[in-house]
Structure formats: structure tokens, C-alpha cells
Amino acid sequence: MISPASDSGSSSDLHARAQRVIPGGVNSPVRAFHSVGGDPIYIESAQGSRIRSVDGREYIDCVCSWGPLILGHAEARVVAAVQRAAEGGTSYGAPTAGECELAERIVAIVPTAEKVRLVNSGTEATMSAVRLARGATGRDRIVKFEGCYHGHSDSFLIKAGSGAATFGQPSSPGVPASVAADTLSASYNDVDSVEAIFQSNGDTIAAVIVEPVAGNMGVVLPGEAFLQSLRRMTQEHGALLIFDEVITGFRVALGGAQALYAVAPDITTLGKVIGGGLPVGAYCASAALMDQMSPDGPVYQAGTLSGNPLAVAAGTATLRILQEEAPYARLGAMMDRLCGGLSASASAAAIPLTVHHVGSMAGLFFNAGPVRSYAEVAISDAGRYARFHAAMLQAGIYLAPSAFEAFFLSTAHTDEDIDAILAAASAAFAVL
Ligand SMILES: *Cc1c(COP(=O)(O)O)cnc(C)c1O
């Protein structure tokens, strides 16, 4: 009955097999290709900028595991660090020097971090950050922005209430209405929508949580003074500001968006790059705030595998390489050339395309723009993206199977990879 994972068959065979035992055949919904159509591609292995399918095809990977792989796949020093760690045991449930080193690096790199707690995913990081904010302020409500994603915990699976109501409603069955009611929803880049919430609920709000560059509705950049306004309003109303830097941390700059835009949040959540491809998340803040956490403080949070030696080894190796090699200027220049080329060939084909990028993350919208909020993202032509995605796959370029996800480059991508992506895109635009 159980066939070995090697000689596994084609992607479509595997997907049929997976669907019998895994809901939708996938362990995270966007992987299922529902929004672009077709079956997902099953991956056999990956190296550098290339990802290989079980069907024997090779693609230039522009997903990079949804952001973690800023050094590309199977970076030799990261792999070696994980192998060394595994030989010494995979988990102890007791403290190690490795955790200490990773924490020291995070504190050295992230401007507002004085102490940090490691967890196992971005979801855990944001969930814990909200608990800390509630514990520290004695307030229950949080404000989030429509189109920002903060993982799948109850408080964030929220859609805006109808009409003028800003109280959230569950966006998924299983989220209690009572939990959703404590999440208020504002519009990204719309300072007035936040001000209005503070005017009517100011003294009940524990925190505003924001992706300082939105990376889960495509890539939407913060407008002039948006982040500074959030900093000012939260301070005026005694609320905390949480930057969810799970994507932007170590990505848009070594010190993340808070370094790039020079705005200091109270609490920062990290994930993705911090684990170098293994499951890690973290939240960090001033020592005074972090000392509210158990065991020194009253706010509880724990984890059997938190600070796992393999994950810590991968994360530390990744951060060390980023600190030593500072690849950000080269990554940014590669992305500049890619995005400039995409805009030029779309306009040559008379296709409305808005392209945003910061550092090595980018978003493409089949939409004439401007794109500043979820409402403006949502009017993009998702059908055209699905056709673009299919044409690019055919040409050997692996893009996110959803119109509203970020596009990532790694240090393993080369100028030749950029040329190949541009050539494929230009051919695709001509027939879209
Ligand atoms: C991916 C992501 C998360 C959730 O992280 P997981 O590791 O998938 O739980 C949270 N916030 C942001 C901004 C993310 O991009």
C-alpha cells in the first residue's frame, strides 16, 4: 500500500495520492494552485536558484519557499551547519550555546531588539507578540490592516465588518465571533482609518500590528509617513506598535523595514529568513517588555521544540553570512533590473502592469495602479495572472501560484537568471 517516497511517479500521480490522505493534497492551502488552476508541481530537490520537479523539469525559482531562502536552496554552509548540529542530537528541550548566539545576532541586527524569544513559526511569533501587548497594556483589542497577513491564529483571521463597522468578523469558520470582535480592521496606507478607530476605541487598544512593507497582498509599499503616523498615534493612545517583519526582516535590509524606514516599533516579529529554511520564528522588543514574559514575568508562552538545535544552526549560519557578506546592494540592483525590464516589456505589449519592489522582494499587479491598499490590489486582473503563471511555468520560471504573493530573489540568482526571466516574461506578455 505505501509506496516509498523515491520512485514516486509524476506530479499528477502524487497529487492524486496526496489528496487521499492530506486535505487538498497540501499542508498549506496556497500550494494547491487553486487560484491559478492546474495541479501543483511536486518538488524532488533544489539547488541555488533552481528547483527540480519529480517530472524531471528544472525551474528558476522566484518563490524561494515564500521568502526564507535569501541565500538560495541548499546553501553549502547552511547545509553543513545543519548536518553538524544533527550529528550532536536533534533536540534536547534544554538550553544551548547555539540559541544564545542566534539571540545575540538578532539583538545586534534588529534596531529595537534588546531581548528575543525564539518560537517555531511566524504564526507563533505574531500570536505571542499580541499576547505580550495585551499583557503589558491590560487591554484586549488590536488593530490590523486589511490585506496584511500575520499567520493563521484566530485573532488575525478577520475580515472587516460591513459598512462603517470596523469590528472584525471571522474570515474562517472556527474563529469565534467573540475573538474576532477584538480585532479592528483598518485600511493600509490610510492614516484616517486608523485615526477614526483610535477616536472611538482609543483606550481599549493594546496594539496596532502592521507589515511595514505589505508582502501578502502582492507587495504594497508604505506611503510617505504612514509608518511614522502609526508610531505617533499608538504613542498618543498608549497602545503598542507591532511590526510584523516575518517577511521584511533580514530581507529589505539587514535590519529589516524598521532600519530601512527608521521607525521604531515596540515589538517586532520575525520568521522566514531567520530560520534559513528550517522552522523558526521570533519576537523581540525592549528588555522591559520582554521581561514581562514567563518565567521572569506573568505572560505565558512556551514551546517543546523552541530553539531547536537544527533550526538554530540554520538560522545562525544564514544570519552570519548576511552580516559578513552584506548582499543587499547586489540583490537590490538585480531586482531593480528585473522590475524595470518587466515594466518595459508589459508596456511594450500594452498590458497594464504595476510593479513594486523593495530590496529583493517584489509584487506584480495586472492593474494600471496606483496600488496602495487591499481595495486597489483586489481590482487586479487575477485571470491574467493565472495565464502569465502558466506561460512562465512552461518557460521554466517558477512563480507563486497566486496573484497576490510576493516574488523573491536570492543571492544564488545570477544575471543570467534575470535575463531568462525577462525573456520568458516578454514572450508571455506578447500572448496574454
Ligand atoms: C508568512 C508570514 C507569517 C506566518 O508565518 P508562518 O511561519 O507561515 O506561520 C506571518 N506574518 C507574515 C508577514 C508572513 O509573511
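Fair warning: this is a prediction, and the values are worked out from it, not measured in the lab. (Residues numbered from 1 in each chain as written. Predicted model: local features only at pLDDT ≥ 70, side-chain atom pairs only at ≥ 80, totals over all residues. Heavy atoms only, no water.)

Details of the packing of helix α6 (residues 191-201) against helix α7 (residues 226-236)
Where α6 meets α7, the axes come as close as 10 Å, and the angle between the chain directions of the two elements is 10°. When the axes of α6 and α7 are compared, the pair comes out roughly parallel. Side by side, α6 and α7 meet where Val191, Val194, Glu195 and Phe198 of the first sit next to Phe226, Ser229, Leu230, Arg232, Met233 and Thr234 of the second. In the contact of α6 with α7, the residues fall into 6 nonpolar, 2 polar and 2 charged. (Axes fitted to C-alpha atoms, helices over the stretch in contact; angles between N-to-C directions. Helix = DSSP H or I, 4+ residues; strand = E, 2+ residues; numbered from the N terminus. Parallel < 35°, antiparallel > 145°, perpendicular 65-115°, else oblique. Contact = heavy atoms within 4.5 Å. Nonpolar A, V, L, I, M, F, W, Y, C, P; charged D, E, K, R; others polar.)

Regarding unusual backbone geometry
Here the amide bond leading from Ser294 into Pro295 is cis, since omega sits at 15°, within 30 degrees of zero. One can find Pro295 in the loop between α9 (287-290) and α10 (309-325). Cis peptide bonds are those with omega within 30 degrees of zero, and the linkage from Gly369 to Pro370 qualifies with 0°. Even without being glycine, Ala74 reaches a positive phi, approximately 50°. With respect to the helices and strands, Ala74 occurs in the loop between β3 (58-61) and α2 (76-87). Even without being glycine, Ala326 reaches a positive phi, approximately 35°. Assignment of secondary structure puts Ala326 in the loop between α10 and α11 (328-348). According to the relative accessible area criterion, Ala326 is exposed, its value standing at 51%. (Buried < 20%, exposed > 50% of the residue type's maximum accessible area, 1.4 Å probe, protein only.)

Observations concerning empty space enclosed by the protein
Once rolled over the atoms, a probe with the size of a water molecule shows which space is left empty. In this structure the tally under the stated criterion is 4 cavities of 30 Å³ or more. Its boundaries defined by the atoms lining it, the largest cavity holds a volume of some 80 Å³. The wall of the largest cavity is formed by Cys62, Ala362, Gly363, Leu364, Tyr385, Leu399, Ala400, Ser402, Ala403, Glu405, Ala406 and Phe407. The element that contributes the greatest number of residues to the lining of the largest cavity is strand β14 (residues 361-365), accounting for 3 residues. Tallied by class, the residues present in the lining of the largest cavity amount to 9 nonpolar, 2 polar and 1 charged. (1 Å grid on protein atoms, 1.4 Å probe; cavity = no way out; pocket = protein on both sides within 12 Å on 5 of 7 lines; lining within 4 Å. Points joined across faces, edges and corners; volume = space filled by probe spheres on them.)

What about the domain arrangement of the chain?
For the chain, the assigned domains are domain 1 (11-62 + 327-431) and domain 2 (76-324). One C-alpha centre belongs to domain 1, the other to domain 2; they are set 26 Å apart. Counting residues at the interface gives 20 residues for domain 1, matched by 23 residues for domain 2. Its largest share of buried area at the contact with domain 2, domain 1 owes to Tyr328, Met361 and Tyr374, together 35% of the area lost on that side. The tally of links from domain 1 across to domain 2 stands at 0 salt bridges. (Domains from an automatic or database assignment. Buried area = accessible area lost by both parts, 1.4 Å probe. Salt bridge = Lys/Arg side-chain N within 4 Å of Asp/Glu carboxyl O.)

Some remarks on the packing of helix α3 (residues 97-109) against α10
When two helices pack together, you describe them by how their axes are tilted relative to each other and by the distance separating the axes. Put simply, α3 and α10 touch, their axes get as near as 9 Å, and they point 35° apart. In the crossing of α3 with α10, the sense of the turn from one axis to the other is left-handed. Note on element contacts: α10 touches α3 through Val312, Gly315, Thr316, Leu319, Arg320 and Gln323, opposite Gly98, Glu99, Glu101, Leu102, Arg105, Ile106 and Ile109. Split by residue class, the contact of α3 with α10 holds 5 nonpolar, 4 polar and 4 charged. (Left-handed = near helix turned anticlockwise from the far one by under 90°.)

Considerations on the site of the ligand
Around the ligand, a shell composed of Ser121, Gly122, Thr123, Tyr149, His150, Gly151, Glu211, Asn216, Asp244, Val246, Ile247 and Lys272 is seen. In the environment of the ligand, an oxygen atom lies 2.6 Å from a nitrogen or oxygen atom belonging to the side chain of Lys272. Summarising the interface, the protein chains cover 83% of the accessible area of the ligand, which totals 380 Å² for the free molecule. Its residues placed into classes, the shell around the ligand shows 3 nonpolar, 6 polar and 3 charged. (Near = heavy atom within 4 Å. Polar contact = N/O pair within 3.5 Å; in protein donor to acceptor, adjacent residues only side chain to side chain. Areas by Shrake-Rupley, 256 points an atom, 1.4 Å probe, with all protein chains shown as cover.)

Examining the sheet that holds strand β13 (residues 354-358)
Within a beta sheet, neighbouring strands are joined by backbone hydrogen bonds and run either parallel or antiparallel to one another. Strand order in the open sheet made by the 3 strands is β13-β14-β16, with antiparallel pairing throughout. Pairing within the sheet leaves two strands with one partner each, and these edge strands are β13 and β16 (407-408). The sheet contact formed by β14 and β16 spans 2 bridges and is antiparallel. In the sheet register, Met361 faces β16, and the bridge partner there is Phe408. (Pairing = 2+ DSSP bridges.)

A few points about the nonpolar core
With 73 residues, the main nonpolar core has Ile106, Phe250, Leu338, Phe388, Met392, Phe407 and Phe429 as its most contacted residues. Element by element, the count of residues in this core is highest for α10, at 9 residues. Of the domains in this structure, domain 1 (11-62 + 327-431) and domain 2 (76-324) are the two that each give at least three residues to this core. In terms of nonpolar packing, the next biggest core, distinct from the first, is built from 26 residues, Cys148, Val194, Ile205 and Val208 among them. (Core = buried A, V, L, I, M, F, W, Y, C linked by side-chain atoms within 4.5 Å.)

What about the layout of surface pockets?
Volume-wise, the second largest pocket comes out at about 440 Å³. Residue lining of the second largest pocket: 21 residues in total, with Val116, Arg117, Leu118, Ser294 and Pro295 positioned closest to the centre. Residues belonging to the lining of the second largest pocket are distributed by class as follows: 9 nonpolar, 5 polar and 7 charged.

As for the packing of aromatic side chains
For the structure on display, the rule yields 9 aromatic pairs. Where Phe145 meets Tyr188, the ring centres are 6.0 Å apart and the plane angle is 85°; that geometry is what we call edge-to-face. Highlighted residues: Phe145 in strand β5 (residues 141-145) and Tyr188 in the loop between β8 (183-186) and α6, separated in sequence by 43 residues. Considered together, Phe145 and Tyr188 belong to a single accessibility category, that of buried residues. With a centroid separation of 5.6 Å and an interplanar angle of 70°, the aromatic rings of Phe366 and Phe388 are classed as edge-to-face. Of the two residues, Phe366 sits in the loop between β14 and α12 (374-378) while Phe388 sits in helix α13 (residues 382-394), which places them 22 residues apart along the sequence. Residue classification places Phe388 among the buried residues on the basis of a relative accessible area of 1%. Through successive ring pairs, a cluster of aromatic residues spans Phe366, Tyr385, Phe388 and Phe429. (Phe/Tyr/Trp six-rings, centres within 6.5 Å; stacked < 30°, edge-to-face > 60°.)

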